[in-house]
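Residue-level structural notes
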Amino acid sequence: MRIPAPPLFHAIILLLCWWLPAQADTGQWSWQLSSSPAFRGISTTQRQPGVQAQWEYLEGPGAWGGASVSTISSRAIPGAGLEADAYAGWNTAITPDTRAFVGVYQYTYPGADTFNTTEAFAQLRWGASTVKWYHSITDLGGIAHSAGSDYVSWDVYLPLRQGWVLVPHVGRQWVHGAGAKDYSDVAISVTWSRGAITVTNQIRDTIGPRSFRSANTVAGVDLTGPAWVWVLGWSF
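Below or above, wherever it landed, is the structure these notes cover. Predicted model, so just to flag it, every value in this text is computed and none were measured. (Residues numbered from 1 in each chain as written. Predicted model: local features only at pLDDT ≥ 70, side-chain atom pairs only at ≥ 80, totals over all residues. Heavy atoms only, no water.)

1. Comments concerning the overall build of the protein
- Secondary structure assignment for the protein yields two helices and 17 strands.
- Out of the 236 residues in the protein, the part that is buried amounts to 40%.
- Within the protein, contacts between residues at least 6 apart in sequence are counted, and of these 48% link residues at least 24 apart.
- Accessible surface, the protein as shown: approximately 12,400 Å² in total, 65% of it carbon and sulfur. (Helix = DSSP H or I, 4+ residues; strand = E, 2+ residues; numbered from the N terminus. Buried < 20%, exposed > 50% of the residue type's maximum accessible area, 1.4 Å probe, protein only. Contact = heavy atoms within 4.5 Å. Areas by Shrake-Rupley, 256 points an atom, 1.4 Å probe, with all protein chains shown as cover.)

Here it is in C-alpha cells:
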C-alpha cells in the first residue's frame, strides 16, 4: 500500500501556491538543456536530451521556495512524460559563510501517480561545501513500503579561474525496506559561466549491486551506468 502525503504537506503546498505568485517579480527563472538529465545519478530520459524550466525565490534569510517542470522518458517512468516539482522552506545564516536550509520537496509525475514522492529536506552550506539530506515521507519513487528512505550528498565548489568552477559530488541513497536497491552516485563537473549563461560538462556514475543495475535497465538501456553529460543553462 502506498503511503499518502500527510495533511501538513498539503497545507504547505496550498501556502506555496498562494505565496509563490506574490514573489514572482523577485524570483529567478532559469532554463536548462541537458544531453542526459538524471535524478541522483539515474537517467530520467532514457539517456536522451531533456529540458527543464525552473523558478526559485531566495532573497536573504527567511522563506524560500520554487517550482520546476522537466521532460522525462515514459519508458524510464512508465506513463509519465513530464516531472513537476515544488519545494518550500526556510533558510537562515549561522555565520557569515554558513547557511542552513530546511524544507519539503514534492516530486509529481502526471500519469504515473505511484511514482509521486514527498521528502523532507535539510541543507548546510559552509565555505565551499554543501551537504544535503533528504528523508522520504511517502514511498520513494514507486517502491512499495519505502517511506523513511534517506539520501545524503556532499558537493564542493572549487573556483579554478574567473568564470570556471570544479564541482566534485558524492551521494548515497538508502532505500528503506529494500537494501538491495541501495547505491551511491558520484560525479565531477566543470562549469563555465558568463552573465546569464552557464555551460557544464560532467562525468557521472553510480555504484551499486548487480540487482540495482538490472532493476534500472529499461528497454535494454542501463540508466545507471557511466555517462558524459553537457548542460546549457540560461537564467533571467
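Having put the structure on the table, let's press on.
2. A short note on the nonpolar core
- Counting 19 residues, the largest nonpolar core has Trp64, Ile77, Ala80, Tyr105, Tyr109, Phe121 and Tyr134 as its most contacted members.
- In contact with Ile77, not counting residues within four places along its chain, are Ile72, Tyr109, Ala112 and Phe115. (Core = buried A, V, L, I, M, F, W, Y, C linked by side-chain atoms within 4.5 Å.)

3. Points about the pairing of strand E10 (residues 150-156)
- In terms of strand pairing, strand E9 (residues 129-136) meets E10 through seven bridges, oriented antiparallel. Residue pairing across strands places Thr130 opposite Asp155, the latter belonging to E10. (Pairing = 2+ DSSP bridges.)

4. Focus: the side chain of Arg204
- Checked against the element boundaries, Arg204 lands in strand E14 (residues 197-207).
- For the buried Arg204, no salt bridge exists, and the shortest N-O distance to an oppositely charged side chain is 7.8 Å, to Asp205.
- A polar atom in the side chain of Arg204 sits 2.8 Å from the backbone oxygen of Ser36.
- Non-local contacts of Arg204, meaning those with residues more than four positions away in its chain, are made with Ser36, Pro37, Ala38, Gly41, Ser43, Val186, Ala187, Gly225, Pro226, Ala227 and Val229. (Lys, Arg positive; Asp, Glu negative; His and termini not counted. Salt bridge = Lys/Arg side-chain N within 4 Å of Asp/Glu carboxyl O. Polar contact = N/O pair within 3.5 Å; in protein donor to acceptor, adjacent residues only side chain to side chain.)

5. Looking at the packing of aromatic side chains
- This structure, assessed with the given rule, holds 14 aromatic pairs.
- With 5.5 Å between their ring centres and 70° between their planes, Phe39 and Tyr107 make a pair best called edge-to-face. In this pair, Phe39 sits in strand E2 (residues 38-39) while Tyr107 sits in strand E7 (residues 98-108), placing the two residues 68 residues apart along the sequence.
- On the basis of relative accessibility, which here comes to 27%, the residue Phe39 falls in the partly exposed class.
- Clustering of aromatic rings is evident, with ring pairs tying together Phe39, Trp64, Tyr87, Phe101, Tyr105, Tyr107, Phe121, Tyr134 and Tyr151.
- Directly above the aromatic system of Tyr134 lies the positively charged group of Arg40, at a separation of 4.7 Å from the ring centroid. (Phe/Tyr/Trp six-rings, centres within 6.5 Å; stacked < 30°, edge-to-face > 60°. Lys NZ or Arg CZ within 6 Å of the ring centre and 35° of its normal.)

6. Some details on the side chain of Glu83
- Mapped onto the fold, Glu83 is located in strand E6 (residues 82-95).
- Despite its burial, Glu83 remains without a salt bridge, the nearest opposite charge being carried by Arg40 at 9.2 Å.
- Leave out the neighbours within four places in its chain, and Glu83 touches Ser68, Val69, Ser70, Ile72, Tyr107, Thr108 and Tyr109.

7. A short note on unusual backbone geometry
- A positive phi is found at His145, a non-glycine position, where the angle reads about 60°.
- One can find His145 in the loop between E9 and E10.

8. A word on the pattern of salt bridges
- Tallied over the entire structure, the rule returns three salt bridges.
- In this structure, Glu119 and Arg40 form a salt bridge, with 2.7 Å as the shortest nitrogen-oxygen distance. A residue pair is termed long-range when its members are at least 10 positions apart, and Glu119 in strand E8 (residues 117-126) and Arg40 in the loop between E2 and strand E3 (42-43) qualify at 79 residues.
- Judged by its relative accessible area of 8%, Arg40 is buried.
- A salt bridge links Arg213 to Asp205, with the nearest nitrogen and oxygen atoms 3.7 Å apart.
- On the basis of relative accessible area, Arg213 is assigned to the partly exposed category, the value being 24%.
- Judged by its relative accessible area of 24%, Asp205 falls in the partly exposed class.

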